[in-house]
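Structural features, examined
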Amino acid sequence: MKFPSKQTLSLAISRLMALCLTAFGSFRWTPPAWWQRLKTTLLLAARRNPKRTLRVVGTIALALVAVGAGSWWWSTRPVPQYCSVKIQSPYQPDTVTKQSSRLLVMFGCSAAQMNEISKTPQKTPELDPAMPGTWTWENDRNLLFIPKVASFDKDWKSGEEYTLSLPRGLVASHVQLETRSLSFKPVELNLQLSEFQFNVDARNPALRRVSGIISSNWPLNPESLRKKLTLSFERSGGILGASSSSNLPVVMTFNPTYTQVYVSTENLTVPEYGSIVRLVGKGRIELASGGHADIDIKGTGEVPGKKGSFKITEPHVIYARNERFEPEQALVVTTN
């Protein structure tokens, strides 16, 4: 095989460069200082010891080829199918049965070992803070935790963060979980104030109070709540008189499960002019379960005065049964 002469190669390269210059224009590259130093070092090393320089350059080239081949091999590997894990956070305890809310761990695939379905797994998850209870596989995807607590003060704590750790051996060996550590918080405290208004006792008209009902989704701590509630009586002095304000004692009565509290004033003396009773609850309280929560309660009850006008509000019609159990219409009105 006859190779082209040096003149032929030079002519071909010159024409190729001219063609590139016509098509793409000229480029100018200024090498960095480190490139010049590296070039000089390599040239000096090649002159002093050509074989050693060739071995070093060959080793570097092989390393670069190996890294490229390894990256390509890794990118073409099958992507593992990970199983998702979610938590259904516990709600407030059942105040009727006094049973604690359950914790449900939901897997996005068939994760349970077949011989452990409807049973307690050999490797059980860990809760931090710890809570006694039993774990059971409801089916191949849902793992249920039933707390075993003796009283509300050992139950879930509203607003507190819990960490759940899933040990190895809990799920089937072929299942790869997205994560083995999850955090959650039980449902937050929710307080609702209703029917905060002026009332006259139907059996004893001399008893006049402003009262309302606070409903909670968690059992409350009576003493802690009492410290955060204040009642104030804002008396009006009429058109020309001066107004005044004073604090009132808070009367509280709880239901057996401490999820509802009847809040009222003591017996009020009807003022000369229409006045207002304000209920304010703000700050952090303790719950019966031992957790803490922030509250913000506001209520206003109007107290009619002796010199005020008589008012009828909220008239509406209802259907009621008479003594013969027949439906009849009845008009219900609210007065001051």
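Located above this text is the structure these notes cover.
The structure reproduced in this document is the subject of the present report. Source: prediction; values computed, not measured.

Oppositely charged side chains can form a pair if their charged atoms are brought close together. Tallied over the full model, the rule gives five salt bridges. Lys282 is the partner of Asp296 in a salt bridge, and the nearest nitrogen-oxygen pair spans 3.6 Å. Note that Asp296 is positioned in strand E17 (residues 292–303) and Lys282 in strand E16 (residues 275–286), a separation of 14 residues in sequence. By relative accessible area, which is 56% here, Lys282 ends up exposed. Its salt-bridge partner being Arg324, residue Glu326 comes within 3.4 Å of it at the nearest N-O pair. Classification of Glu326 by relative accessible area gives partly exposed; the value is 36%. Overlapping salt bridges, with partners in common, bring together Glu323, Arg324 and Glu326 in one network.

Our focus in this paragraph is helix H3 (residues 50–75). Taking 1.5 Å of rise per residue, the 26 residues of H3 would be expected to cover 38 Å, and the 38 Å separating its terminal C-alpha atoms lies within 8% of that figure. Burial runs low along H3: only one of the 26 residues are buried.

Once that is clear, we can look at the sheet that holds strand E11 (residues 208–216). Pairing is antiparallel across the open sheet formed by four strands, whose spatial order is E10-E11-E15-E14. With one partner strand each, in any of the chains shown, strand E10 (191–200) and strand E14 (251–254) form the two edges of the open sheet. Strand-to-strand, the axes of this sheet are offset by a mean angle of 20 degrees, without reference to chain direction. Across four bridges, the pairing between E14 and strand E15 (residues 260–264) is antiparallel. Bridge pairing links Val251 to Ser264 in E15.

Where the residue is not glycine, phi is negative for most of them; where a peptide bond is considered, it is trans in most cases. For the bond running from Asp128 to Pro129, omega is 0 degrees, close enough to zero to count as cis. Located in the positive-phi region is Glu195, a residue other than glycine, with phi close to 55 degrees. Tracing the backbone shows Glu195 in strand E10. If you check the backbone angles, Phe325 has positive phi at about 65 degrees while not being a glycine.

Formed by 52 residues in total, the largest nonpolar core has its most connected members in Phe107, Leu127, Trp156, Leu189, Leu225 and Val277. Here the element with the most residues in this core is E17; it accounts for four residues. Non-local contacts of Leu189, meaning those with residues more than four positions away in its chain, are made with Ser158, Ser216, Asn217, Trp218, Leu220, Ile285, Leu287, Ala293 and Ile295.

Calculation criteria
Residues numbered from 1 in each chain as written. Predicted model: local features only at pLDDT ≥ 70, side-chain atom pairs only at ≥ 80, totals over all residues. Heavy atoms only, no water. Salt bridge = Lys/Arg side-chain N within 4 Å of Asp/Glu carboxyl O. Helix = DSSP H or I, 4+ residues; strand = E, 2+ residues; numbered from the N terminus. Buried < 20%, exposed > 50% of the residue type's maximum accessible area, 1.4 Å probe, protein only. Expected span 1.5 Å × (residues − 1). Pairing = 2+ DSSP bridges. Axes fitted to C-alpha atoms, helices over the stretch in contact; angles between N-to-C directions. Core = buried A, V, L, I, M, F, W, Y, C linked by side-chain atoms within 4.5 Å. Contact = heavy atoms within 4.5 Å.

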